[in-house]
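What follows is the residue order along each chain.
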Amino acid sequence: MLNKLFKFQPNRKVSDVVVNTDGLDPDSIPRHIAIIMDGNGRWAKEKGHLRTYGHKVGAETLKTIVKASNNLGIEVITAYAFSTENWKRPIKEVNFIMELIKRYLTAEIQEFKEFNVQIRFMGSREDLPDFMNETMDHAIKETKDNTGIILNLAINYGGQAEILHAAKSIAQQVADGTLKIEDIDVPVFENNLYSKGLPSPDLLIRTGGDLRVSNFLLWQIAYSEIWTTPVFWPDFTPDMLVEAIKAFKNRDRRYGGLSTDTA
Ligand code: IPE
Ligand code: IPE
Ligand code: MG
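Residues numbered from 1 in each chain as written. Chains lettered and ligands numbered in written order. Predicted model: local features only at pLDDT ≥ 70, side-chain atom pairs only at ≥ 80, totals over all residues. Heavy atoms only, no water.

Colleague: I'm lost on the site of ligand 1 in this one. Help?
Modeller: Around ligand 1 sit 13 residues, and of these D38, G41, R42, R51 and R89 come closest. Between ligand 1 and the protein, one listed contact pairs an oxygen atom with a backbone N or O atom of N40 at 3.2 Å. Between ligand 1 and R42 there is a distance of 2.7 Å, counted from an oxygen atom to a backbone nitrogen or oxygen. It is helix α1 (residues 40-46) that contributes the most residues to the shell around ligand 1, three residues altogether. When grouped by side-chain class, the residues that make up the shell around ligand 1 number three nonpolar, five polar and five charged. (Near = heavy atom within 4 Å. Polar contact = N/O pair within 3.5 Å; in protein donor to acceptor, adjacent residues only side chain to side chain. Helix = DSSP H or I, 4+ residues; strand = E, 2+ residues; numbered from the N terminus. Nonpolar A, V, L, I, M, F, W, Y, C, P; charged D, E, K, R; others polar.)

Colleague: In this structure, what is going on with the packing of helix α3 (residues 91-107) against helix α5 (residues 130-143)? I would like to understand it.
Modeller: The angle between the axes and the distance between the axes are what describe a pair of packed helices. Between α3 and α5, the least distance of the axes is 10 Å, while the angle of their chain directions is 25°. As summarised for this structure, α3 and α5 are arranged roughly parallel, according to the angle between their axes. Once α3 is placed against α5, the crossing between them reads as left-handed. On the side of α3, the interface is formed by M98, E99, I101, K102, L105 and T106, while α5 contributes F131, M132, T135, M136 and A139. The class makeup of the residues in the contact of α3 with α5 is seven nonpolar, two polar and two charged. (Axes fitted to C-alpha atoms, helices over the stretch in contact; angles between N-to-C directions. Parallel < 35°, antiparallel > 145°, perpendicular 65-115°, else oblique. Left-handed = near helix turned anticlockwise from the far one by under 90°. Contact = heavy atoms within 4.5 Å.)

Have a look at this one:
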């Protein structure tokens, strides 16, 4: 069974990426997968290239994974592209990543449109250069009516910064008299996060072998299942994505309660 569309929609074009779905249960597809795309630099170094080459190949990997995810019926991919801590890197690498994202969003926009991908962003826009903000606005505008998978790119994103941003915004609403302190609850807080309106990630994937969350989606991953692989991001394949989904299917998501068979 190859390239099966689990939730076929007539306007969801089958992409050129073939996904081997043997043994995959259509009912086990996560709605939202978050990905820490780590290991680009090490991958490149291992091959005798500059770290930046790893970012270039990693961007291609993301495109392949988004297409595969769209075919599988996944609704949202949130991909960690640049963290609030990544500014600590050498300026040359930072500039390369910014230029790469810009070129990627510009060159690939037609293809994203063709595959019905809706592009969104999360992160602090203020500290980004103007050319980045313009490119991001353009990508949002061009793909806003697409009804397929949402590619939510985390750029200049940090979970702590996001929570602070939400806290300040809520404090302002209280100061303005539009919100009462006693009305602040989980849904109100979530409405003030960058991820407003999106379901929480069911599955968090980290490539590159490290076992940490590196300031990614600190609020949203409260009950996400975590799957890691030592494989560096540029080598990550649709088959590995399917492997992660199969592992996810076997997890017992108790949310602090009890399994249905022990209750
Ligand atoms: C992830 O790969 C991409 C970004 C953080 C932008 P890295 O650049 O962190 O690669 P490693 O982890 O150093 O190999
Ligand atoms: C996380 O990777 C950020 C992105 C993938 C964009 P890092 O390479 O920045 O994380 P640490 O430094 O290993 O924790
Ligand atoms: Mg890294």
